[in-house]
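# Breakdown of the fold
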Amino acid sequence: AQGRIAGWAPDWYAGFPAGQFYFPLPALLIVAIDTLLPYSIAFKLVTAVGAIALPAAAYAFGRGLRAPSPAPALFAVGATIFLFFKGDPGTGVESTQIAGNQHIMGGNLASNFAGEYSFTLALALGLFFLGALAYSLDHRRKLWLPAVLLGATVMSHLVVAMFVVIGAVIVWLARRPRRNLGTVAAIGGVGALLTAVWTVPLLSTLGYTTDMG
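Residues numbered from 1 in each chain as written. Predicted model: local features only at pLDDT ≥ 70, side-chain atom pairs only at ≥ 80, totals over all residues. Heavy atoms only, no water.

### Quick notes on a nonpolar patch on the surface
Taken together, Val159, Met162, Phe163, Ile166 and Ile170 make up a surface patch of nonpolar side chains, about 540 Å² in accessible area. Position of Val159 among the secondary structure elements: in helix α8 (residues 158-173). Here Val159 falls in the partly exposed class, since its relative accessible area comes to 35%. (Patch = residues over 30% accessible without salt bridge, like charges linked within 9 Å, V, L, I, M, F, W, Y side chains within 5 Å. Areas by Shrake-Rupley, 256 points an atom, 1.4 Å probe, with all protein chains shown as cover. Salt bridge = Lys/Arg side-chain N within 4 Å of Asp/Glu carboxyl O. Helix = DSSP H or I, 4+ residues; strand = E, 2+ residues; numbered from the N terminus. Buried < 20%, exposed > 50% of the residue type's maximum accessible area, 1.4 Å probe, protein only.)

Below, the structure is given as structure tokens:
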């Protein structure tokens, strides 16, 4: 109500800092849609949008790379197949563990239904970002777009953002790296600044988080 991303939610665990240690963009999208539609519908739309957008994002990624036809369409087909990936659990305890991992791996529909919709949304945004980055480096146009998409990816899921940054370095190295160094640095810098409203408070309080290692 006061325009803050993070706040204190008293509902669970005798209270917890909502929006402080988890990725805020999906929740902010729900809040925005909730101004027009009932909350339950807004929540369902946001949980579905990543999976719906993923094939289109893969296609845009292929187009951004100027991959020859029909490669971009095949990228979209591959992303669709990945959404339905379940692994091959077979039988036995080890197979049960494998099957369970498919529900927390992120990106596929099984993970999305288990609550990993932030990951799926970040994956789609990350592919859009990589395609837009390649396009911007090739044509020197719409330089703002990859910066915005990078910020959106980071604020949707940090794990995906790590892989996306590695992908961005590869895209840059394949496109006149010396000539494009300043452009890539500017895009990365603006993308980082767009996330600062959340990442700076996160880093300053990182000592309060659980050590996942």
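### Topic: the pattern of salt bridges
Taken as a whole and assessed by the stated rule, the structure comprises 2 salt bridges. Its salt-bridge partner being Arg66, residue Asp138 comes within 3.4 Å of it at the nearest N-O pair. One end of the pair, Asp138, is in helix α6 (residues 117-139); the other, Arg66, is in the loop between α2 (39-64) and α3 (71-83), with 72 residues separating them in the sequence. Under the relative-accessibility criterion, Arg66 is labelled exposed at 57%.

### What to know about the confidence of the model for the protein chain
Parts of the prediction with low pLDDT should not have their coordinates interpreted in detail. Across the protein chain, the average pLDDT comes to 89, with 91% of residues at or above 70. The weakest mean pLDDT in the protein chain belongs to helix α4 (residues 93-101) at 49; the strongest belongs to helix α7 (residues 144-154) at 97. Confidence drops under a pLDDT of 50 for residues 90-96, and excluding neighbours within four residues, the segment shows 2 contacts in the predicted structure. (pLDDT = per-residue confidence, 0-100. Contact = heavy atoms within 4.5 Å.)

### With respect to the layout of surface pockets
Considering only enclosed or pocket space, the largest pocket measures out at about 960 Å³ in volume. Contributions of two or more residues to the lining of the largest pocket are made by β1 (7-9), β2 (16-18), α1 (25-34), α2 and α6. Considering the residues around the second largest pocket, the lining is formed by 14 residues, among which Phe21, Phe23, Thr209, Thr210 and Met212 are closest to the centre. For the lining of the second largest pocket, the elements supplying multiple residues, two or more each, are α8 and α9 (177-204). Of the residues assigned to the lining of the second largest pocket, the class counts are 10 nonpolar, 4 polar and no charged. (1 Å grid on protein atoms, 1.4 Å probe; cavity = no way out; pocket = protein on both sides within 12 Å on 5 of 7 lines; lining within 4 Å. Points joined across faces, edges and corners; volume = space filled by probe spheres on them. Nonpolar A, V, L, I, M, F, W, Y, C, P; charged D, E, K, R; others polar.)

### Examining the environment of Gly115
The residue Gly115 is located in the loop between α5 (109-113) and α6 in this model. C-alpha separation for the pair Gly115 and Ile104, spaced 11 residues apart in sequence, amounts to 8.4 Å.

### Overview of the environment of Gly50
Note on placement: Gly50 falls in helix α2. On the basis of relative accessibility, which here comes to 2%, the residue Gly50 falls in the buried class. Counting along the chain gives 26 residues from Gly50 to Pro24, while the straight-line C-alpha distance between them is 15 Å. With sequence-adjacent residues up to four places away left out, Gly50 is seen in contact with Thr120, Leu121 and Ala124.

### Here we look at α3
Side chains of residues three or four places apart in an α-helix project in the same direction, reflecting 3.6 residues per turn. Spanning 13 residues, α3 covers 18 Å between terminal C-alpha atoms, matching the ideal 18 Å at 1.5 Å per step. For α3, every residue scored as buried is listed here: Ala71, Pro72, Ala76, Ala79 and Leu83. End-on view of α3: buried residues confined to an arc of 150 degrees, all on one side of the axis. Opposite the buried face of α3, at more than 90 degrees from it, the exposed residues are Leu74 and Ile81. Lining the buried residues of α3 we find α2 and α5. (Expected span 1.5 Å × (residues − 1). Arc of directions from axis to C-beta.)

### Things to note about α9
For α9, which comprises 28 residues, the first-to-last C-alpha distance of 33 Å sits more than 12% below the rise-based estimate of 40 Å (1.5 Å per residue). By the largest-angle criterion, Ala196 marks the main kink of α9, which is about 70 degrees. For α9, the full list of buried residues reads Asn180, Thr183, Ile187, Gly191, Thr195, Trp198, Thr199 and Leu202. Turning to α9, the residues buried within the fold contact α6, α7 and α8. (Bend = angle between axes of the 7 residues up to and from the residue.)

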